[in-house]
Amino acid sequence: MMKLFPQGLFLALTSATLLNSNTVLSADYKVANQQEYAEALSSIDKGDSIILANGVWNDFEILFEGKGSKDQPITLMPETKGQVILSGQSNLRLAGEHLVVSGLVFKNGYTPTSAVISYRKSKQKLANYTRVTEVVIDNFSNPERFENDYWVAMYGKHNRFDHNHLEGKLNKGVTMAVRLNTPESRENYHRIDHNYFGPRPILGSNGGETLRVGTSHYSLSDSFTTVENNYFDRCDGELEIISNKSGNNKLIGNVFFESRGTLTMRHGNDNTVSENVFFGNGVDHTGGIRLINKRQTIKNNYMEGLAGYRFGGALVVMNGVPNSSINRYHQVEDSFIENNTLVNSDHIQLAAGSDAERSAVPIRTTFKNNIIFNDNKKDTFTVYDDVSGIAFENNVLNKVEKPTIAGGFVSKELTMKRADNGLMYTVGEPKSVGVSQSLKPIQKNQVGVSWYPKPGPKKVFDKGQIITVKAGIDTLPKAVASAKDGDTLVLSAGDYSVSRTMVLDKAVTVKAASVIKPLNVTISYQRGALFEIQHGGSLKLQGLKISGSESPDSSNNRVIRTVRRSMLTNYNLVVDNVEVVDLDVNHSFTFLSVGKGTFADNIEITNSHFKNITGYILALAEESDDDGIYNAEYVTIKNSTFENVQGAVLNFYRGGRDESTFGPHLDMSGNLLSNVGNGKRNKAEAAVRLQGVQVTSIKDNEFKNTPAINIIHTVGEPRTRIEKNRFIATPVPTVVELNSDEENTAIIVDNLVKVK
Ligand code: CA
């Protein structure tokens, strides 16, 4: 440990006031290892700093405890910002008061405890008046997908978390939580500002919120937390981006960029949501603000290009439950929705969630001076119950023909123009309507830190080198092993024999040099699987013929499988112009099987042919715990044929009653299924079995001599359309509502049924 008196003295002389006789001269302790840190901490005093030497600090659980003062805080900082890396099993706990931590980077590891940064040492020893600033947490995720932790857990009072960069939380658990679980943490006046909340991928389960303030248990307590000028970039974890669950918070001036989900005023009263800007750019399930509870204010917010619907709409006012328990839905009362602008956003939902339980309609609520503009003049309102408790005044609509709500709206031709601040304003309308002209949405480069790069657009495949591969024995596994993430392997015509399972911990494209029919690249293999997708892996196949004829004579072979254990990263699988034949050496030979706890963002089969297969094509039914977890967000099967397949083309399962996810989704069109699903080992007992799928489109397919499509609706008002299919010697689809006595909501139209 080096005690830098000259510098400390210098700092003290220049920064502290010499007139104050209580002022202690401050010191800087530069430390190079954990022992030196502990020694420095034991002698630290007001105004002192501990400086961590540049480099990687592995397995360092930092306890930063001390008592600074308002004018002389105690500081923990790196020698150089961004050059102190906390890796391995590391974390940070703060306890005491007037502490400042800055400039650290957590990456290449995860916390062994329940939080990476915790504003407390123990239940009794909390942090107050402390600040964490310019800290980076990058992919510091527990390797077990469903192991729950926080990245930031805020306790105590008067703490600040600002200008930090949080990116890539992959495991379950809220990224940042404000905890109110003891009186010492309520009415906390915390400030969370200017942070960069970077991309958080779809979790495929509850527990993927980015920021939560409070919990239902203490939600009738005031938190007095300010969440201001933060940037939420593609925070897609689940339905709630921000889950506000306490009273008297201010959520102001935040920007939500292409983030799936909503700012949800889930529990607690007297909150203000203002000057927030939502840019959806038409991305699926991008939403705005969801209103529940009493005396809430939604004012001066801007929403554009939000595609979300139902609870994920651009603006959602919920119905409550009469005499609601603390964790259900309190009625909307005495609330204000004023001066908001909604541009090209698809859905405004009023009295949403109305059902036998949620029957308490919004009351004494004002909807005033809002502008709702859609290029297509579509009416974006859906009203689910009596909304006479909402007073509509002086709102402007872009010439909607027959508006759902007539009173309180002027419907006229509107012209809109984008202003310098990036937002659209009406031309020629009074400025008292819609969002304020002076609103300046925070920019990405004004949040987080300047010295750590923010991620750009995401591209999975074909972003690296193009590598030519010649036909022969094990030329392909060699090329796959040496490929880098995003590389494209281009296969010359000929036969490829593969003697080992090719492990993918990167995204690789394997494609034929020329995709001509008949396909001139054939791959056969001698192990139980051709590819195994592991952490970091994704696969795109194009223009290939894959044969199972050389596969071992044992059951349960696969073409592609994921690791059998759970997997932290989401993967993508694209299969285009591929012919898969003769998966029939033994029983249950399946094209894709997945492990429990694995999740695909996207599985796509297009223009492909599958023939003579003893197992399934896509077996996505491993999440048997009924916790609302599932194996893939989007499955697309288009313009493909499936002949003599003993298992189902798709067995897709999401069990349980949780409503925190948007998926799964299925889009299946233009396919031919002939003699599919008739095998005695087909557990799906269907050609296509869907349980708990939220969005389904099955269109223009021909089903010939197959068992029925079997659909089970569980929760969440699933959208199912089965149209323009031909069912030949195939029973009509069955749809069952598992948790509702009402008639099923599937739309089954224009299908042709023939006996043979
Ligand atoms: Ca949730």
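Each value, and the rule that gives it
- Residues numbered from 1 in each chain as written.
- Predicted model: local features only at pLDDT ≥ 70, side-chain atom pairs only at ≥ 80, totals over all residues.
- Heavy atoms only, no water.
- Phe/Tyr/Trp six-rings, centres within 6.5 Å; stacked < 30°, edge-to-face > 60°.
- Helix = DSSP H or I, 4+ residues; strand = E, 2+ residues; numbered from the N terminus.
- Buried < 20%, exposed > 50% of the residue type's maximum accessible area, 1.4 Å probe, protein only.
- Lys NZ or Arg CZ within 6 Å of the ring centre and 35° of its normal.
- Donors = N, O, S within 2.8 Å, 3.2 Å for Na, K, Ca; no water.
- 1 Å grid on protein atoms, 1.4 Å probe; cavity = no way out; pocket = protein on both sides within 12 Å on 5 of 7 lines; lining within 4 Å.
- Points joined across faces, edges and corners; volume = space filled by probe spheres on them.
- Nonpolar A, V, L, I, M, F, W, Y, C, P; charged D, E, K, R; others polar.
- Contact = heavy atoms within 4.5 Å.
- Polar contact = N/O pair within 3.5 Å; in protein donor to acceptor, adjacent residues only side chain to side chain.
- Pairing = 2+ DSSP bridges.
- Axes fitted to C-alpha atoms, helices over the stretch in contact; angles between N-to-C directions.
- Arc of directions from axis to C-beta.
- Core = buried A, V, L, I, M, F, W, Y, C linked by side-chain atoms within 4.5 Å.

**Comments concerning the packing of aromatic side chains**
Now for step 1: By the definition in use, this model includes 20 aromatic pairs.
Now for step 2: Ring centres of Tyr 231 and Phe 257 lie 6.5 Å apart, and the angle between their planes is 25°; this geometry places the pair in the stacked category. With Tyr 231 in strand S23 (residues 231-233) and Phe 257 in strand S26 (residues 255-257), this pair connects stretches of sequence that are 26 residues apart.
Now for step 3: Judged by centre distance (5.3 Å) and plane angle (25°), the rings of Phe 703 and Phe 727 are stacked. With Phe 703 in strand S69 (residues 702-704) and Phe 727 in strand S72 (residues 726-728), this pair connects stretches of sequence that are 24 residues apart. Take Phe 703 and Phe 727: they sit in the same class, and that class is buried.
Now for step 4: An aromatic cluster is present here, built from Phe 197, Phe 232, Phe 256 and Phe 278 joined pairwise through their rings.
Now for step 5: A cation over a ring is seen here: Arg 358 above Tyr 329, with NZ or CZ 5.1 Å from the ring centre.
Now for step 6: The ring of Tyr 196 carries the charged tip of Lys 454 above its face, separated from the ring centre by 5.5 Å.

**Structural notes on the coordination of the calcium ion**
Now for step 1: Taken together, Asn 206 (OD1), Glu 209 (OE), Glu 238 (OE), Glu 238 (OE) and Glu 240 (OE) make up the protein donors of the calcium ion, found 2.3 to 2.7 Å from the metal.
Now for step 2: Along the chain, the residues donating to the calcium ion fall in the pattern N-x2-E-x28-E-x1-E. The residues Glu 238 and Glu 240 share a single accessibility class, namely buried.

**Some thoughts on the layout of surface pockets**
Now for step 1: A volume near 1,200 Å³ is recorded for the second largest pocket.
Now for step 2: Lining the second largest pocket are 37 residues, with Pro 199, Pro 201, Lys 458, Val 460 and Asp 601 positioned closest to its centre.
Now for step 3: Residue assignment for the lining of the second largest pocket shows that the elements contributing at least two residues are strand S56 (571-576) and strand S59 (600-606).
Now for step 4: Counted by class, the lining of the second largest pocket contains twelve nonpolar, eleven polar and 14 charged residues.

**Topic: the environment of Ser 223**
Now for step 1: Tracing the backbone shows Ser 223 in the loop between strand S21 (211-213) and strand S22 (226-228).
Now for step 2: Along the sequence, Ser 223 and Asn 188 sit 35 residues apart, while their C-alpha atoms lie 5.6 Å from each other.
Now for step 3: What Ser 223 contacts, discounting residues up to four positions off in sequence, is Val 178, Leu 180, Glu 187, Asn 188, Tyr 189, Val 213, Ser 246, Gly 247 and Asn 249.
Now for step 4: A polar contact of 2.7 Å, which involves the side chain of Ser 223, links it to the side chain of Thr 225.

**Quick look at empty space enclosed by the protein**
Now for step 1: Applying the stated rule across the entire model yields four cavities of 30 Å³ or more.
Now for step 2: Estimated volume of the largest cavity: approximately 160 Å³.
Now for step 3: Of the residues belonging to the lining of the largest cavity, the class tally is six nonpolar, five polar and five charged.

**Re the sheet that holds strand S63 (residues 641-645)**
Now for step 1: Strand order in the open sheet made by the eleven strands is S46-S48-S51-S54-S57-S60-S63-S66-S69-S72-S75, with parallel pairing throughout. The sheet terminates laterally at strand S46 (472-473) and strand S75 (752-754), the two strands that pair on one side only.
Now for step 2: Direction of pairing for S63 relative to strand S66 (residues 672-676): parallel, over a ladder of four bridges. Each residue of the ladder has a partner; that of Glu 643, found in S66, is Ser 674.
Now for step 3: Helix H3 (residues 475-482) contacts S46, strand S48 (494-498) and strand S51 (521-525) of the sheet and is inclined by roughly 70° relative to S48.

**Remarks on the sheet that holds strand S67 (residues 688-691)**
Now for step 1: Strand order in this open sheet of nine strands is S49-S52-S55-S58-S61-S64-S67-S70-S73, and the pairing throughout is parallel. In this open sheet, the two strands that pair with only one neighbour each are strand S49 (502-504) and strand S73 (734-737). The average angle at which neighbouring strand axes cross in this sheet is 15°, direction not considered.
Now for step 2: In this sheet, strand S55 (residues 558-562) lies alongside strand S52 (residues 529-533) in parallel orientation, the contact comprising four bridges. Residue pairing in the sheet places Glu 532 in a bridge with Arg 561 of S55.

**Let's talk about the environment of Trp 57**
Now for step 1: Mapped onto the elements of the fold, Trp 57 is located in strand S4 (residues 55-58).
Now for step 2: Among the residues examined, Trp 57 registers a relative accessible area of 6% and is labelled buried.
Now for step 3: For Trp 57 and Phe 106, which are 49 residues apart along the polypeptide, the C-alpha to C-alpha distance reads 9.6 Å.
Now for step 4: Setting aside anything within four residues of it in sequence, one finds Trp 57 in contact with Val 31, Ala 32, Asn 33, Gln 34, Leu 52, Val 84, Ile 85, Leu 86, Ser 87 and Ser 90.

**Structural notes on H3**
Now for step 1: By the burial criterion, the buried members of H3 are Leu 476, Pro 477, Ala 479 and Val 480. Seen along its axis, H3 keeps its buried residues to an arc of 160°; they face one direction. The exposed residues of H3 that point more than 90 degrees off its buried face are Lys 478 and Ala 481.
Now for step 2: Along its buried surface, H3 packs onto strand S45 (466-469), strand S47 (487-491), S48, S49, strand S50 (507-512) and S51.

**A short note on the nonpolar core**
Nonpolar side chains in soluble globular proteins generally cluster together in the buried interior.
Now for step 1: If you look at the biggest cluster of nonpolar residues, it comprises 85 residues, and the most contacted ones within it are Tyr 37, Phe 64, Leu 76, Leu 94, Ile 117, Tyr 119 and Phe 161.
Now for step 2: With five residues, the top contributor of residues to this core is strand S15 (residues 150-154).
Now for step 3: Setting aside residues up to four positions removed in sequence, Tyr 119 forms contacts with Leu 94, Leu 126, Ala 127, Thr 130, Val 132, Val 152, Ala 153, Met 154, Tyr 155, Asn 159, Arg 160 and Phe 161.
Now for step 4: Ile 560, Leu 583, Val 594 and Ala 632 belong to the second largest nonpolar core, which has 70 residues in total.

Any link to function would need more than the numbers given here.
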